[in-house]
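# A closer look at the structure
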Amino acid sequence: MTTVYLNGKFLPIEKAFVPVLDRGFIFGDGAYEVIPVYSRHPFHLHEHLLRLQRSLDSIRLKNPHTVAEWSQLIKELLSNYQEQDLSIYLHITRGVAKRDHAFPENVTPTVFMMSSPLLTPSQELRDRGVSVITAQDNRWLRCDIKSIALLPNVLLRQLAVDTGAVETILLRDGFLTEGSASNVFVVRNGTVLAPPKNELILPGVTYDVVIELATSSSIPLEIRPISEAEFRAADELWLTSSTKEVLPITLLDNAPVGGGRPGAMFKRIYQLYQEHKNQVMRLGNS
Ligand code: PDD
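Described in the following lines is the structure provided in the data block. Bear in mind the structure is a predicted one, so any value in this text is a computation, not a measurement.

### Considerations on the overall build of the protein
The secondary structure content of the protein amounts to eight helices and 15 strands. Compactness check: the protein gives a C-alpha radius of gyration of 19 Å against a globular reference of 19 Å for 286 residues, within 12% of the reference. Its C-alpha atoms put the protein at 55 × 45 × 30 Å along the principal axes. The burial tally for the protein puts 50% of its 286 residues in the buried class. Contacts in the protein between residues far apart in sequence, at least 24 positions, make up 71% of those at least 6 positions apart. Summed over its atoms, the accessible surface of the protein is roughly 13900 Å², and 55% of this surface lies on carbon and sulfur atoms.

Rendered as structure tokens:
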């Protein structure tokens, strides 16, 4: 039995229902988070809750819980699961109201949480690297908000699945933005390049961790716009996300990236990432 949280109650997923007039259902009016859990410790929980606050502020939705309340609810949710490594999905909508685009007054937000076993890429996939395709980034201009309205991301990701690729990498006005559900890093001539955090990309928690690890290990790093030409001439490309961690790309639009195998810089950053994970778990906090 899978236990989920809905509006103050823990209940079996089969018994969790939301009214059809929920603004999440009608308008996609809400925000979400995906938080990985390793050895039962939520990883960088504080950063995920900070980003949630940013998303909610951006859509003018009052956060229904304090950080302490969220932490407690997450702890309670996790106590219903046996697995060591999980992923938590957290979702807030503007609530249930008569259909009208404008904000309803005095409506209680809908709060939903569920968890599932964390499915990180297999070692084999990480050793081999993955294939990606590219597409024009046709999403809106507030990609920094972790909005539940994901139709553009869904359509873009499906393009990859249709061709047997793992992710669709997006280009806007001749520059790299991100993946349909991940951030993208480029390595050129021994330097790690990352697109800047602005309204065109989601500020990934994993992105921040990778940048922090590169900086503290004195790996050359440049955070700046990356042109399509530079991106296509990369020695290495990586995807990052809470569920993919750091994943090397070895095929880009069917052409090999660098030597067509995961590069030396990937191996270094992935090892640093694993060490960081172990350290966070040993300390028992994020
Ligand atoms: N997606 N960019 C987009 C568009 C994303 O959807 C995600 C994550 C990221 C990476 O962010 P983070 O490192 O904080 O996971 C970047 C999650 C995993 C999802 O929607 O399932």
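### What about the layout of surface pockets?
Here the largest pocket is characterised by a volume of approximately 1100 Å³. Looking at the largest pocket, it is lined by 46 residues, and the ones nearest its centre are Tyr32, Lys146, Leu150, Ser180 and Ala181. Put simply, the parts of the chain that give the lining of the largest pocket at least two residues each are strand E3 (30-38), helix H2 (45-58), strand E5 (86-93), strand E6 (110-117), helix H5 (151-162), strand E9 (175-179), helix H6 (205-216) and strand E13 (236-241). The element that contributes the greatest number of residues to the lining of the largest pocket is H5, accounting for five residues. For the lining of the largest pocket, the two domains that each supply at least three residues are domain 1 (3-117) and domain 2 (123-282). Considering only enclosed or pocket space, the second largest pocket measures out at about 230 Å³ in volume. Taken together, 13 residues form the lining of the second largest pocket, with Glu47, Lys197, Gly204, Val205 and Asp208 sitting closest to its centre. Where the lining of the second largest pocket is concerned, the elements lending two or more residues are H2 and H6.

### So, the site of the ligand
Around the ligand, 20 residues are found, and the nearest of them are Tyr32, Arg51, Glu178, Thr206 and Ser242. A distance of 2.8 Å separates an oxygen atom of the ligand from a polar side-chain atom of Arg51. Within the side chain of Thr206, an N or O atom sits 2.5 Å from an oxygen atom of the ligand. Across the complex, the protein chains shield 89% of the 480 Å² of accessible surface that the ligand would expose by itself. Judged by the proximity of its atoms to the pocket grid, the ligand belongs to the largest pocket. Mapped onto the shell around the ligand, the elements with two or more residues apiece are E3, E9, H6 and E13. For the shell around the ligand, the per-class residue count stands at five nonpolar, 11 polar and four charged.

### So, the side chain of Arg172
By secondary structure assignment, the location of Arg172 is in strand E8 (residues 167-172). Judged by its relative accessible area of 13%, Arg172 is buried. The residues touching Arg172, leaving out its near neighbours within four places in the chain, are Asp137, Arg139, Trp140, Leu141, Cys143, Thr177 and Leu200.

### Structural notes on H5
When the terminal C-alpha atoms of H5 are compared, their 16 Å separation across 12 residues agrees well with the 16 Å that a helix rising 1.5 Å per residue should span. Residues of H5 that are buried: Asn153, Leu156 and Ala160. Projected down its long axis, H5 carries its buried residues within an arc of 70°, all on one side. Facing away from the buried surface of H5 by more than 90 degrees, the exposed residues are Leu151, Leu155 and Asp162. Directly beyond the C-terminal end of H5, a positive phi value near 80° is found at Gly164.

Each value, and the rule that gives it
Residues numbered from 1 in each chain as written. Predicted model: local features only at pLDDT ≥ 70, side-chain atom pairs only at ≥ 80, totals over all residues. Heavy atoms only, no water. Helix = DSSP H or I, 4+ residues; strand = E, 2+ residues; numbered from the N terminus. Rg over C-alpha atoms; globule rule 2.2 N^0.38 Å. Buried < 20%, exposed > 50% of the residue type's maximum accessible area, 1.4 Å probe, protein only. Contact = heavy atoms within 4.5 Å. Areas by Shrake-Rupley, 256 points an atom, 1.4 Å probe, with all protein chains shown as cover. 1 Å grid on protein atoms, 1.4 Å probe; cavity = no way out; pocket = protein on both sides within 12 Å on 5 of 7 lines; lining within 4 Å. Points joined across faces, edges and corners; volume = space filled by probe spheres on them. Domains from an automatic or database assignment. Near = heavy atom within 4 Å. Polar contact = N/O pair within 3.5 Å; in protein donor to acceptor, adjacent residues only side chain to side chain. Sits in = over half its atoms within 2 Å of the grid points. Nonpolar A, V, L, I, M, F, W, Y, C, P; charged D, E, K, R; others polar. Expected span 1.5 Å × (residues − 1). Arc of directions from axis to C-beta.

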